[in-house]
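If you want the building blocks of each chain, they are given just below.
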Amino acid sequence: MSSILQEIETKIEGIKTSTTKSNVGVVRETGDGVARIEGLSDVMLNEMIEFPNGVFGLALNLEETEVGAILLGETTKVAEGDEVKTTGKLLQVSRQTRFIHLKRSHRA
């Protein structure tokens with residue numbers, strides 16, 4: 001009997017567990033490129049939000065019970081009831097010197 005207990009204890013000690021914290025919400029409605037989401041309690045203004053099917057959104061309207069997000073992709077791939085996750089990343093726009101130079105060169 002003790003060998004069975006030792007074997008069980010050894011297996012339990014060998015189990016590695018990991019936990020991750022994620023902020024998950026649900027799409028309540030969509031329309032005109034905007035999604036209304038319930039359950040995203042820790043979302044930041046201008047945070048990128050991940051929808052299913054590789055679609056991302058930008059959190060803009062932070063209300064007490066829901067979040068309004070602009071969809072940055074194929075809006076037909078987002079539906080009511082879809083699960084949404086925060087990314088912890090704010091929208092970033094990279095500055096490209098070449099682009100800025102081209103814009104300036106067109107001025108008369």
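The present account deals with the structure reproduced in this document. From a predicted model like this one, the values you see are computed outputs, not experimental measurements.

## What about the pairing of strand E6 (residues 83-90)?
1) Next: Examined bridge by bridge, strand E1 (residues 24-31) and E6 share 3 bridges and lie antiparallel to one another. When the sheet's bridge partners are listed, Val 26 is paired in E6 with Glu 83.
2) Next: Here strand E3 (residues 47-50) pairs with E6 via 3 bridges, running antiparallel. The residue of E6 that forms the bridge with Ile 49 is Thr 86.

## As for the environment of Phe 56
1) Next: Here Phe 56 lies in strand E4 (residues 56-62).
2) Next: For the pair Phe 56 and Thr 86, spaced 30 residues apart in sequence, the C-alpha to C-alpha distance is 9.8 Å.
3) Next: Among residues more than four places away in sequence, those in contact with Phe 56 are Met 48, Ile 49, Glu 50, Phe 51, Ile 70, Leu 71, Leu 72, Gly 73 and Thr 87.

## Side note on the pattern of salt bridges
1) Next: Applying the stated criterion to the full structure yields 5 salt bridges.
2) Next: One salt bridge in this structure joins Arg 28 and Glu 66, with 2.5 Å as the shortest N-O distance. Of the two residues, Arg 28 sits in strand E1 while Glu 66 sits in strand E5 (residues 66-71), which places them 38 residues apart along the sequence.
3) Next: A relative accessible area of 30% means that Arg 28 is categorised as partly exposed.
4) Next: Judged by relative accessible area, which is 9%, Glu 66 ranks as buried.
5) Next: The shortest N-O distance in the salt bridge between Arg 36 and Glu 66 comes to 2.4 Å. Here Arg 36 is found in strand E2 (residues 34-38), whereas its partner Glu 66 is found in strand E5, with 30 residues between them in sequence. Both residues of the pair, Arg 36 and Glu 66, count as buried.

## What to know about the nonpolar core
Nonpolar side chains tend to gather and get buried jointly when the protein is soluble and globular.
1) Next: Among the nonpolar cores identified, the biggest contains 14 residues, and Ile 37, Leu 40, Ile 49, Phe 51, Val 67 and Val 84 are the most heavily contacted of them.
2) Next: Looking at this core, the elements that each hand over two or more residues are E2 and E5.
3) Next: Ranked by residue count, the leading element in this core is E5, at 3 residues.
4) Next: Not counting the four nearest positions on each side in its chain, Ile 49 is found in contact with Ile 37, Leu 40, Val 43, Val 55, Phe 56, Gly 57, Ala 59, Val 67, Ala 69, Val 84, Lys 85 and Thr 87.

## Comments concerning the sheet that holds E2
1) Next: Spatial ordering of the closed barrel is given by E1-E2-E5-E4-E3-E6, a layout of 6 strands whose pairing is antiparallel. Taken over all neighbouring pairs, the strand axes of this sheet differ in orientation by 45° on average, direction set aside.
2) Next: Where E4 meets E5, 5 bridges bridge the pair, whose relative direction is antiparallel. From the neighbouring strand, Ala 59 faces E5, where its bridge partner is Ala 69.

Reading the values: rules and limits
- Residues numbered from 1 in each chain as written.
- Predicted model: local features only at pLDDT ≥ 70, side-chain atom pairs only at ≥ 80, totals over all residues.
- Heavy atoms only, no water.
- Pairing = 2+ DSSP bridges.
- Helix = DSSP H or I, 4+ residues; strand = E, 2+ residues; numbered from the N terminus.
- Contact = heavy atoms within 4.5 Å.
- Salt bridge = Lys/Arg side-chain N within 4 Å of Asp/Glu carboxyl O.
- Buried < 20%, exposed > 50% of the residue type's maximum accessible area, 1.4 Å probe, protein only.
- Core = buried A, V, L, I, M, F, W, Y, C linked by side-chain atoms within 4.5 Å.
- Axes fitted to C-alpha atoms, helices over the stretch in contact; angles between N-to-C directions.

So far we have only geometry, and geometry alone does not tell us how the molecule works.
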